[in-house]
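Residue-level structural notes
What follows is the residue order along each chain.
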Amino acid sequence: MSAQKDIYLQQVASAVFSNDYDPRIRQLYAQHPSLFVKPIKNRFAVLQKKYDDANKTLGSTGAGLTAKELKEDPQLKKLLDKILENFPWWEEVHGFWRTNPSYNTVFSTGDPGQDFAAEAQWLMLVPKRDSSLPQYP
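Parameters and conventions
- Residues numbered from 1 in each chain as written.
- Predicted model: local features only at pLDDT ≥ 70, side-chain atom pairs only at ≥ 80, totals over all residues.
- Heavy atoms only, no water.
- Helix = DSSP H or I, 4+ residues; strand = E, 2+ residues; numbered from the N terminus.
- Expected span 1.5 Å × (residues − 1).
- Bend = angle between axes of the 7 residues up to and from the residue.
- Buried < 20%, exposed > 50% of the residue type's maximum accessible area, 1.4 Å probe, protein only.
- Contact = heavy atoms within 4.5 Å.
- Salt bridge = Lys/Arg side-chain N within 4 Å of Asp/Glu carboxyl O.
- Arc of directions from axis to C-beta.
- Phe/Tyr/Trp six-rings, centres within 6.5 Å; stacked < 30°, edge-to-face > 60°.
- Lys NZ or Arg CZ within 6 Å of the ring centre and 35° of its normal.
- pLDDT = per-residue confidence, 0-100.
- Polar contact = N/O pair within 3.5 Å; in protein donor to acceptor, adjacent residues only side chain to side chain.
- Axes fitted to C-alpha atoms, helices over the stretch in contact; angles between N-to-C directions.
- Parallel < 35°, antiparallel > 145°, perpendicular 65-115°, else oblique.
- Nonpolar A, V, L, I, M, F, W, Y, C, P; charged D, E, K, R; others polar.

A short note on helix α3 (residues 37–62)
Across its 26 residues, α3 extends only 33 Å between first and last C-alpha, which sits more than 12% below the 38 Å expected from 1.5 Å per residue. Roughly 70° is the biggest bend found in α3, and it falls at K56. All of the buried residues along α3 are V37, I40, L47, Y51, D52, A54, N55, L58 and G62. Tucked inside the fold, the buried residues of α3 contact α1 (3–17), α4 (67–72), α5 (74–86) and α6 (90–97).

Pasting the structure below:
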């Protein structure tokens with residue numbers, strides 16, 4: 001794990017456990033703050049797995065849409081409603097993770113208008129880069 005991520009997890013642990021309703025938890029956190037980072041890290045892993053599983057039901061296009069856009073499409077709204085039954089925090093984490101490929105592994109960021117086949121063909125058929133040849137747009 002990166003040092004920066006460790007810092008973020010420590011900040012989350014501090015926000016959660018130093019404000020816990022149970023004074024014994026607050027005291028334990030004050031005495032041993034490093035022991036409380038692992039539960040936060042594990043919770044993020046669980047949330048990430050649930051989020052990824054939920055996005056698989058939406059498919060690559062649906063997983064990239066906002067919750068508002070999903071609600072506007074009747075078929076996608078049904079899927080979203082089912083997701084929210086099992087994972088009520090989906091909308092909240094989707095707001096943060098929707099465009100982050102480390103978390104949203106289902107969403108494709110490729111531009112649907114790109115013609116990869118034509119570009120690949122052009123790259124393979126042109127023997128050498130010659131400034132007198134037309135450049136692929």
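Section: the pattern of salt bridges
Here the structure, examined in full by the defined rule, presents 5 salt bridges. With a closest N to O distance of 2.9 Å, D53 and K49 form a salt bridge. Here D53 and its partner K49 are both found in helix α3, 4 residues apart, which amounts to about one turn of the helix. By relative accessible area, which is 52% here, K49 ends up exposed.

Here's the deal with α6
Among the residues making up α6, those that are buried are W90, V93, H94 and W97. Projection of α6 onto a plane perpendicular to its axis shows the buried side chains occupying an angular sector of 110°, all on one side. In α6, the exposed positions that point more than 90 degrees away from the buried face belong to E92, G95 and F96. Residues of α6 that are buried sit in contact with α3, α4 and α5.

Quick look at the packing of aromatic side chains
Each pair of aromatic rings is reported with the distance of its centres and the angle of its planes. A complete count under the given rule lists 7 aromatic pairs for this structure. Three or more aromatic residues link up through ring pairs in this structure, and these residues are Y51, W90, W97 and Y103. If you follow R43 out to its NZ or CZ, it ends over the ring of W89, 5.6 Å from the centre.

Description of the confidence of the model for the protein
Note that predicted coordinates carrying low pLDDT should not be read in detail. For the protein, the mean per-residue pLDDT works out to 84, and 77% of the residues sit at or above 70. Helix α7 (residues 116–125) is the least confidently modelled element of the protein, averaging 62 in pLDDT, while helix α2 (residues 23–31) averages 96, the highest of any element.

Digging into the side chain of N55
Counting through the fold element by element, N55 comes out in helix α3. Under the relative-accessibility criterion, N55 is labelled buried at 0%. A distance of 3.1 Å separates the side chain of N55 from the side chain of N104, its partner in a polar contact. Those residues in contact with N55 that lie beyond four places of it in its chain are A63, W90, H94, N104 and V106.

Regarding the side chain of D22
Along the polypeptide, D22 turns up in the loop between α1 and α2. In terms of polar contacts, D22 uses its side chain to reach the backbone amide nitrogen of R24, at 2.9 Å.

Considerations on the packing of α1 against α2
In contact at an axis separation of 9 Å, α1 and α2 are set at 150° when each is read in the N-to-C sense. On the basis of the axis angle, α1 is roughly antiparallel to α2. Across the interface between the two elements, Q10, A13, S14 and F17 from α1 touch I25, R26 and Y29 from α2. Here the contact of α1 with α2 is composed, by residue class, of 4 nonpolar, 2 polar and 1 charged.

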